[in-house]
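# Structure at a glance
Letter by letter, the chains look like this.
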Amino acid sequence: MQTVLVSRCLLGEPVRYDGQSKALQHPLLQRWLDEGRLVPICPEMAGGLPCPRPAAEISGGRGQHVLQGRQPVLTQDGTDVSAAFIAGAQAALALCQQHDIGLALLKARSPSCATHQCYDGQFNGTLTDAMGVTAALLHQHGIRVFDETELDKLAQQLSSA
Ligand code: SF4
C-alpha cells in the first residue's frame, strides 16, 4: 500500500509556530488515515524548533535558495533559523526514504511545507511563487508534493499507483 507523508498540523496536531493546528476536515484525508496510509511529520519541530516558536520567513521566499545556502530563514527579529529548517527537511526526506514514500500532502504557504507560494521575507503578507524548504528538498528527490487544496489530484496519483 502506497503511503503519503503529511504535515502534522493538517491532522489537527497543535505544532504550528503559534501553538495551533490547521486541521483539514475532508473525507479523503479521513479515509487515508483510516487506511493507515499517512506518515506524519512537522519538519520544523523535527528540526529542533520548539512550539510555540517565532514566525519565520525565507528571505526572498524560495526554499531552494535556503538549501543552496544562498538565503536564510529568519524570524522577524533577524534570528537565523536556517539550520533547523534544513535539518527538518532532511528528516522529512529520510522518513520518505525509510517508508518508500513518493507522495506528500503538505500545508500551503509555510516556509517549510509550502508547495506553490511562500511569504517573501518582508513579514507583510507578500507571497512569491516558490516552495518551502522541505517541499523543495522532497521535490528535488522526485517526491511529488501537493497542498491541502489538491486532495483530488493526490487521490488520482494514489489510485493510479
Ligand atoms: Fe505544519 Fe509544516 Fe509548519 Fe509543521 S512545519 S506546523 S507541519 S506547516
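Above this note sits the structure.
Read on for a plain summary of the structure. Not measured: the values here are computed from a predicted model. (Residues numbered from 1 in each chain as written. Predicted model: local features only at pLDDT ≥ 70, side-chain atom pairs only at ≥ 80, totals over all residues. Heavy atoms only, no water.)

## Considerations on the overall build of the protein
Rules: In this description a helix means any DSSP run of H or I spanning at least four residues, a strand means any run of E spanning at least two, and both kinds are numbered starting from the N terminus. Think of it in three bands: with a 1.4 Å probe and only protein chains considered, a residue is buried below 20% of the maximum accessible area for its type, exposed above 50%, and partly exposed in between.
Within the protein, the regular secondary structure consists of 6 helices and 8 strands. Helices and strands in the protein line up, N terminus first, as β-α-β-α-β-α-β-α-β-β-β-α-β-α. In terms of principal-axis extent, the alpha carbons of the protein reach across some 45 × 30 × 25 Å. In the protein, buried positions account for 48% of the 161 residues.

## With respect to the site of the ligand
What counts, and what does not: For this description, a residue counts as near a given molecule or strand if any of its non-hydrogen atoms is within 4 Å of it. Under the scheme applied here, ten amino acids are nonpolar (Ala, Val, Leu, Ile, Met, Phe, Trp, Tyr, Cys and Pro), four are charged (Asp, Glu, Lys and Arg), and all others, including Gly, are polar.
The environment of the ligand is formed by 14 residues, the closest being Cys9, Cys42, Glu44, Lys107 and Cys113. Looking at the shell around the ligand residue by residue, the class counts come to 6 nonpolar, 3 polar and 5 charged.

## Observations concerning helix H1 (residues 27-34)
Because each turn of an α-helix spans 3.6 residues, side chains separated by three or four positions in sequence point in the same direction. The condition that has to hold: Starting at the helix axis, one direction is taken to each C-beta atom, and the arc is that of these directions. The contact criterion used is simple: two residues touch if any of their non-hydrogen atoms lie within 4.5 Å.
Buried residues of H1: Leu28, Leu29 and Trp32, and no others. The buried side chains of H1 occupy one side of the element, clustering within an arc of 100° when seen end-on. Exposed and facing more than 90 degrees away from the buried side of H1 are Pro27 and Asp34. Against strand S2 (38-41), strand S5 (103-106) and helix H6 (151-160) lie the buried residues of H1.

Spatial relationships are all this shows, so hold off on functional conclusions.
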